[in-house]
Amino acid sequence: MQALDTPVDGDSPEARAARRIAAAAPGEARDAEAELYRLLAPRARRFGLRHLRDAHAAADLMQHVMTLTIEQLRSGQLREPDRVLSFVLGACRLTVMDQRRGDRRREDLLERYADVLQIADLHVAPRFDHERVADCLERLPERERSVLVMTFFDDQPSEAVGQQLGCSAGNVRVIRHRGIDKLRRCVDPGRRAS
Amino acid sequence: MSATPQHHPSIEALLDYWLDDGDPAAIEAIDEHLMRCDPCGQALDDLVALGDGVRAAFRSGAVATMATDAFLKRVVGRGVQVREYRLPHNGSVNCTVAPEDELLVAHLETPLQGVERLDAVVTLSFAPDVQHRLEDVPFDAQAGEVLWLPKFDLIRNAPAHTAEVTLLSVDADAAHELGRYTFRHQPWPGG
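Residues numbered from 1 in each chain as written. Chains lettered and ligands numbered in written order. Predicted model: local features only at pLDDT ≥ 70, side-chain atom pairs only at ≥ 80, totals over all residues.

Draft legend 1. Main features of the overall build of chain B. For chain B, the count of helices and strands is 5 helices and 9 strands. From first element to last, N terminus to C terminus, chain B shows the α and β order α-α-α-β-α-β-β-β-β-β-β-α-β-β. Its C-alpha atoms give chain B a radius of gyration of 21 Å, clearly above 16 Å, the size a compact globule of 191 residues would have. In terms of overall dimensions, chain B has a C-alpha envelope of 60 × 45 × 30 Å along the principal axes. The buried share among the 191 residues of chain B stands at 38%. Partitioning the intrachain contacts of chain B with sequence separation of at least 6 by distance along the chain shows that 63% fall at a separation of at least 24. (Helix = DSSP H or I, 4+ residues; strand = E, 2+ residues; numbered from the N terminus. Rg over C-alpha atoms; globule rule 2.2 N^0.38 Å. Buried ≥ 20, exposed ≤ 12 C-beta atoms within 10 Å, placed from the backbone. Contact = placed C-beta atoms within 7 Å.)

Okay, here's the thing in C-alpha cells:
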C-alpha cells in the first residue's frame, strides 16, 4: 500500500497550498490557508467523528489539527510541506490519543490560534429526510430492518448484534449489507447498487 | 478488499470501518485513504447520515420491529423511557401508553426450540380484514420469547382497539401456529 508521504503528495492541491503557506511570510498566504482548510478540515472532522464518536469533539479535533498544521507551516516547523497529508493524519491520531487522556494542550492551542478558524466554513454531513428513511425501513424484510435498527441505535459492530440475536457476526454482516444496500437505493433512488 | 490510495474501499468496507468491524490494519488503511479521497469520505458521510436516519426513525417510533431482550437492555441503558408488557404463552393484556413513554415493548413468551423460521401476523380490530405479516423475524431460540416493538407514534394517538399477534413457525412444508397474543389498548386517561 502506498503511504501518504510518497511523492504523489507533491502534486496534490493540498501540497501546493502547503508550499505556498510555507514560502510566504507568516500569515501572508491567506488564500492558501483558506484553500488548505477547505480541503483538509472536513477530512479531519470525519476522522474525529469516527474515532471520538461525538460531533462536538470531532469539531474540536478538526479545529485543533488545522490550526496546528497552519501554524507549523507558517513557522517553518513543518519542513516538508509536500507531506502535509501525512502530518495531518498523524496530528489527528495524536489528538485522538490526547483527547482520550484529557490533554489540555488542545484547548490552549484553540485559544492561541482562534483567528485562523474563521477562514472556511465547516463541512456539514448530508442529512436524509427522516420520514423517507422510516418509510424505506418499513419496506425492508423484517430481519434486515431489525439488524439495521439494532446496529445503528448506538453503532454496534456485528459481533455485538450477533450476540444479541443469537447468530454469528458473519451472518449479521451479510444481513446488514443487504439491508443497507436496499435502504440506500430506496432513500436515494438514483444510486447504484454497491 | 483493503483500501489503498488507488483502490477505493467498498461501501461494505466503509460500513465495517465506521462500525469498528474491521481489524486495526484495515481501519488504519481506510483512515489513510479518507485523508486523501473526498468521494469516499462523502460516501462514508452518506452512510453515517443513513444510520442517523435509522436511529431517528426508531427513536420517534415510526418503525415497528422485532428485537431481543439484550437489545432492549441497551435501549434502557441509554435512558429511553420504555413501557413493557409481558405476555405468557397465548396470553392477553390491557395496555396503554403514558405521555412520558418513548417506546413500547411486548415480551411474547413462546417455545422457540427447533423453529427454523419465525413469522408474525398482526391484525387490528379497526381493520380486521388487513393482516400485516412480518416474515422471517429474528429471534434467539434460547430466549423463549420474542420482543415486538410496534409503531409507537401510531399507538400513542390510536383510539381504543384490540391488536392480535400470531407467531408462526414456518418450515419447508407449512406454517404452524406457535402462539396467539391479544392487546386491548386504551388511550391514556385524559391524553
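Draft legend 2. Spotlight on the overall build of chain A. Looking only at helices and strands, one finds 9 helices and 0 strands in chain A. Its helices and strands in sequence order give chain A the pattern α-α-α-α-α-α-α-α-α, from N to C terminus. Counting all 194 residues of chain A, 43% fall into the buried class. When contacts within chain A are restricted to residue pairs at least 6 apart in sequence, long-range pairs at least 24 apart make up 62% of them.

Draft legend 3. View of the environment of I30 of chain B. All names here are of chain B. Structurally, I30 can be placed in helix 2 (residues 24-34). Taking the number of C-beta atoms within 10 Å as the measure of exposure, I30 has 24 and is therefore buried. For I30 and Q42, which are 12 residues apart along the polypeptide, the C-alpha to C-alpha distance reads 13 Å.

Draft legend 4. Expanded view of helix 1 (residues 11-18) of chain B. Burial within helix 1 of chain B is extensive, with 7 of its 8 residues counted as buried. Those residues of helix 1 of chain B lying buried are I11, A13, L14, L15, D16, Y17 and W18 of chain B. Those residues of helix 1 of chain B that are buried lie in contact with helix 2 (30-52) and helix 9 (169-187) of chain A together with helix 2 and helix 3 (38-59) of chain B. Phi turns positive, to about 65°, at D20 of chain B, one or two residues after helix 1 of chain B.

Draft legend 5. Structural detail: the interface of chain A and chain B. Chain A puts 47 residues into the contact, and the matching count from chain B is 49 residues. Where the side of chain A that touches chain B is concerned, the elements lending two or more residues are helix 2, helix 4 (84-101), helix 6 (130-139), helix 7 (142-152), helix 8 (158-165) and helix 9 of chain A. For the side of chain A that touches chain B, the residue count by class is 25 nonpolar, 10 polar and 12 charged. (Nonpolar A, V, L, I, M, F, W, Y, C, P; charged D, E, K, R; others polar.)

Draft legend 6. Region of the structure containing the pairing of strand 6 (residues 127-134) of chain B. All names here are of chain B. Inspection of the sheet shows strand 5 (residues 117-124) paired to strand 6 by 5 bridges, in the antiparallel sense. For V122, the partnering residue across the bridge sits in strand 6 and is H132. Between strand 5 and strand 6, which pair antiparallel in sequence order, lie 2 residues. (Pairing = 2+ DSSP bridges.)

Draft legend 7. Focus on the sheet that holds strand 4 (residues 103-109) of chain B. All names here are of chain B. Strand order in the open sheet formed by 4 strands is 1-7-4-2, and the pairing between neighbours is mixed. Bordering the open sheet on either side are strand 1 (65-67) and strand 2 (82-87), each of which pairs with just one other strand. Pairwise comparison of adjacent strand axes, ignoring direction, gives a mean angle of 25° for this sheet. Pairing geometry for strand 1 and strand 7 (residues 145-149), over 3 bridges, is antiparallel. (Axes fitted to C-alpha atoms, helices over the stretch in contact; angles between N-to-C directions.)

Draft legend 8. Focus on the packing of helix 2 of chain A against helix 4 of chain A. Residues and elements named next belong to chain A. At their nearest, the axes of helix 2 and helix 4 sit 10 Å apart, and the two run at 35° to each other. The handedness of the crossing between helix 2 and helix 4 is right-handed. On helix 4, the residues touching L40, A44, F47, H51 and L52 of helix 2 are V88, C92, V96 and Q99. By residue class, the composition of the contact of helix 2 with helix 4 is 7 nonpolar, 2 polar and no charged. (Left-handed = near helix turned anticlockwise from the far one by under 90°.)

Draft legend 9. The arrangement of the environment of Q131 of chain B in detail. Residue and element names in this part refer to chain B. Of note, Q131 is situated in strand 6. A count of 12 C-beta atoms within 10 Å places Q131 in the exposed class. With 100 residues separating them along the chain, Q131 and D31 place their C-alpha atoms 48 Å apart. Those residues in contact with Q131 that lie beyond four places of it in its chain are V121 and T123.

Draft legend 10. Molecular detail of the pairing of strand 7 of chain B. All names here are of chain B. Counting buried residues along strand 7, 5 of its 5 residues qualify, which places the element largely inside the surrounding structure. Here strand 7 shows no split at all, with E145, L147 and L149 on one side and V146 and W148 on the other all buried. Examined bridge by bridge, strand 4 and strand 7 share 4 bridges and lie antiparallel to one another. Paired with L108 across the bridge in strand 7 is V146.

Just distances and angles here, no functional claims.
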